[in-house]
Amino acid sequence: MPTINENFLKLEKNYLFINIAKKVNAFLAENPDAPLIRMGIGDVTLPIAPVCVEAMKKGVEEMGVKETFRGYEDSGAGYDFLKEAIAGYYKKFHVSLELDEIRVNDGAKSDCGNIVDIFGNDNVVLITDPAYPVYVDSNKMSGRTVIYVDSNEANGFAARPDPAVHADLIYLCSPNNPTGSAYTRAQLKEWIDYAKINQAIIIYDAAYEAFITDSDVPHSIYEVEGAKECAIEMCSLSKTAGFTGMRCGYTIVPLALHVTASNREDVSIAQIWGRRQGSKFNGVSYPVQCAAAAVFTDEGLKQIHENIAYYQENAAIIAKTMDELRIQYTGGKNSPYIWLKCPNGMSSWELFDYLLYEIAVVGTPGEGFGKNGEGWFRLTAFGDRDRTIEAMERMKKLISK
Ligand code: PLP
């Protein structure tokens, strides 16, 4: 009989969204006609941009013709046409990338989880609390010790490094899921300095960079001096371009990023990450990469920003409602998430049940993202405009009662 990886037994038994789905299903069984509005799961609702559809169609047509058909992609790291498009996009932020620093993937979640493969299990892993659950789960699955740094009301849900604490791997996400907070250049510089002192590596998740509007919030950690020597960046087209059902993202591992192995051998992180991916990943489909490259054309960027502007307007509507109700929140700006303090001292799950049963609105209890999420609640701006307005009207009536 095989043994199993018993680290899996130590994971939280119920994944947050499974719990939510169970509660919503029970509510709908009791109230089948309830006009439910879902503002919980962070999935997009607008279709992908027309330029992406056209590029994908063309890619599919090419696959059906002998002369242009493509099988396995040689490197599995992404076609140069897409990597060049990504590098061109980073130039807009004055970040220069070599094509060998970019690896295309089927979405950021895979690489957020897979990157742990290349690091030893004895590393001290520092994760902000609350956080996107993949960081914690993927490290716990491989038996690592995770330590937490508080993101809370006191620091505006933008955790800062504690010089008294040592870490080897540091997960940062900005703009943040779930809290909507975003690091300024100066705040990121503090983390880079901390990483350098600790000889640590930052795993930086920029999945929501396209929502940034403030000029002092960087789109990429590499906009900040010194990051190329200590940070890996992960990004995704899921929220940027509505690719949640298309599946495409990319990871940047700077060629300057090196560590020393126990035998004193100098190891390039890009090289061992490439080795890992070469063994376990065969690349992203050609038509999807064609669509992804179209995102970064002038027309593509114009079209995706029309969708982002729609979500940003939803976020502004939610934020305005919170202002009117005098409910404290972070996010809404630079982010599609509004992270609000549960009114009247309610717990996260109490507010969840209250909104579900009183006004048929579904959000996400902050407690599901970590202990500092208790007493907080996440609403997303990815919904339909009319439903967002309707949900906020219902909330105003309920809370101001
Ligand atoms: N990172 C963060 C912070 C996210 O919120 C998500 C998705 O919700 C992802 C990464 C993964 O996105 P995908 O796998 O769709 O690229």
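For clarity, every value in this text was computed on a predicted model and none was experimentally measured.

(A) Highlighting the packing of helix H10 (residues 298-324) against helix H12 (residues 385-399). One way to put it is that H10 packs onto H12 with a least axis distance of 10 Å and a crossing angle of 5°. Judged on the interaxial angle alone, H12 and H10 are roughly parallel. Across the interface between the two elements, Tyr 310, Glu 313, Asn 314, Ile 317, Ile 318, Thr 321, Met 322 and Glu 324 from H10 touch Arg 385, Thr 388, Ile 389, Met 392, Met 395 and Lys 396 from H12. Split into classes, the residues belonging to the contact of H10 with H12 amount to seven nonpolar, three polar and four charged.

(B) Focus on the environment of Val 44. Positionally, Val 44 belongs in the loop between strand E1 (37-38) and helix H2 (50-63). On the basis of relative accessibility, which here comes to 12%, the residue Val 44 falls in the buried class. Considering only alpha carbons, one finds Val 44 and Phe 243, 199 residues apart in sequence, at a separation of 8.5 Å. In this view, Val 44 contacts Ser 238, Lys 239, Gly 242, Thr 244, Tyr 311 and Phe 382; residues no more than four positions away in its chain are not counted.

(C) Structural detail: the site of the ligand. Taken together, the neighbourhood of the ligand is formed by 14 residues, with Ala 108, Asp 205, Tyr 208, Ser 236 and Ser 238 sitting nearest. Between the ligand and Lys 109, the relevant distance is 2.9 Å, taken from an oxygen atom to a main-chain nitrogen or oxygen of the residue. Contacts to the ligand include Ser 238, whose side-chain N or O atom sits 2.5 Å from an oxygen atom. About the coverage of the ligand: the protein hides 91% of its 390 Å² of free accessible area.

(D) Spotlight on the packing of aromatic side chains. For the structure on display, the rule yields 22 aromatic pairs. Ring geometry for Tyr 90 versus Tyr 250: centroids 6.1 Å apart, planes at 75°, classification edge-to-face. Placement of the pair is Tyr 90 in helix H3 (residues 80-91) and Tyr 250 in strand E8 (residues 249-252), with a sequence separation of 160 residues. The pair formed by Tyr 90 and Tyr 250 is uniform in burial state, with each residue classed as buried. An aromatic cluster of at least three residues, connected via ring pairs, comprises Tyr 208, Phe 211, Tyr 310, Tyr 311, Tyr 337 and Phe 382.

(E) Spotlight on helix H6 (residues 185-198). Taking 1.5 Å per residue as the helical rise, H6 with its 14 residues ought to reach 20 Å, and the 20 Å between its terminal C-alpha atoms agrees with that figure. Buried within H6 are the following residues: Gln 187, Leu 188, Trp 191, Ile 192, Tyr 194, Ala 195 and Asn 198. Taken down its axis, H6 places every buried residue within 160° of arc, on the same side. Summarising the geometry of H6, the exposed residues directed more than 90 degrees from the buried face are Ala 186 and Ile 197. Taken together, the buried residues of H6 touch strand E3 (124-129), strand E4 (145-150), strand E5 (169-173) and strand E6 (201-205).

(F) Focus on the nonpolar core. Of all hydrophobic cores here, the largest spans 69 residues; its most connected members are Ile 170, Trp 191, Ile 202, Phe 243 and Tyr 250. The contact partners of Ile 170, leaving out residues within four places of it in the chain, are Leu 126, Trp 191, Tyr 194, Ala 195, Ala 200, Ile 201, Ile 202 and Ile 203. With 39 residues, the next largest nonpolar core counts Phe 17, Leu 36, Ile 37 and Met 392 among its residues.

(G) Structural detail: the sheet that holds strand E14 (residues 364-365). Spatially, four strands are ordered E11-E12-E15-E14 in an open sheet, and the strand pairing comes out antiparallel. The sheet is open, and its two borders are formed by strand E11 (329-331) and E14, each paired with just one other strand. Strand direction decides the pairing type here: E11 and strand E12 (residues 337-341), joined by three bridges, are antiparallel. Among the inter-strand pairings, Tyr 329 is bridged to a residue of E12, identified as Leu 340. On the sheet, H10 packs against E11, E12 and strand E15 (376-380) and is oriented at approximately 15° with respect to E12. Running at roughly 45° to E15, helix H11 (residues 348-359) makes contact with E12, E14 and E15 of the sheet.

Thresholds, definitions, all that
- Residues numbered from 1 in each chain as written.
- Predicted model: local features only at pLDDT ≥ 70, side-chain atom pairs only at ≥ 80, totals over all residues.
- Heavy atoms only, no water.
- Axes fitted to C-alpha atoms, helices over the stretch in contact; angles between N-to-C directions.
- Helix = DSSP H or I, 4+ residues; strand = E, 2+ residues; numbered from the N terminus.
- Parallel < 35°, antiparallel > 145°, perpendicular 65-115°, else oblique.
- Contact = heavy atoms within 4.5 Å.
- Nonpolar A, V, L, I, M, F, W, Y, C, P; charged D, E, K, R; others polar.
- Buried < 20%, exposed > 50% of the residue type's maximum accessible area, 1.4 Å probe, protein only.
- Near = heavy atom within 4 Å.
- Polar contact = N/O pair within 3.5 Å; in protein donor to acceptor, adjacent residues only side chain to side chain.
- Areas by Shrake-Rupley, 256 points an atom, 1.4 Å probe, with all protein chains shown as cover.
- Phe/Tyr/Trp six-rings, centres within 6.5 Å; stacked < 30°, edge-to-face > 60°.
- Expected span 1.5 Å × (residues − 1).
- Arc of directions from axis to C-beta.
- Core = buried A, V, L, I, M, F, W, Y, C linked by side-chain atoms within 4.5 Å.
- Pairing = 2+ DSSP bridges.

Function cannot be inferred from these measures alone, as they are strictly geometric.
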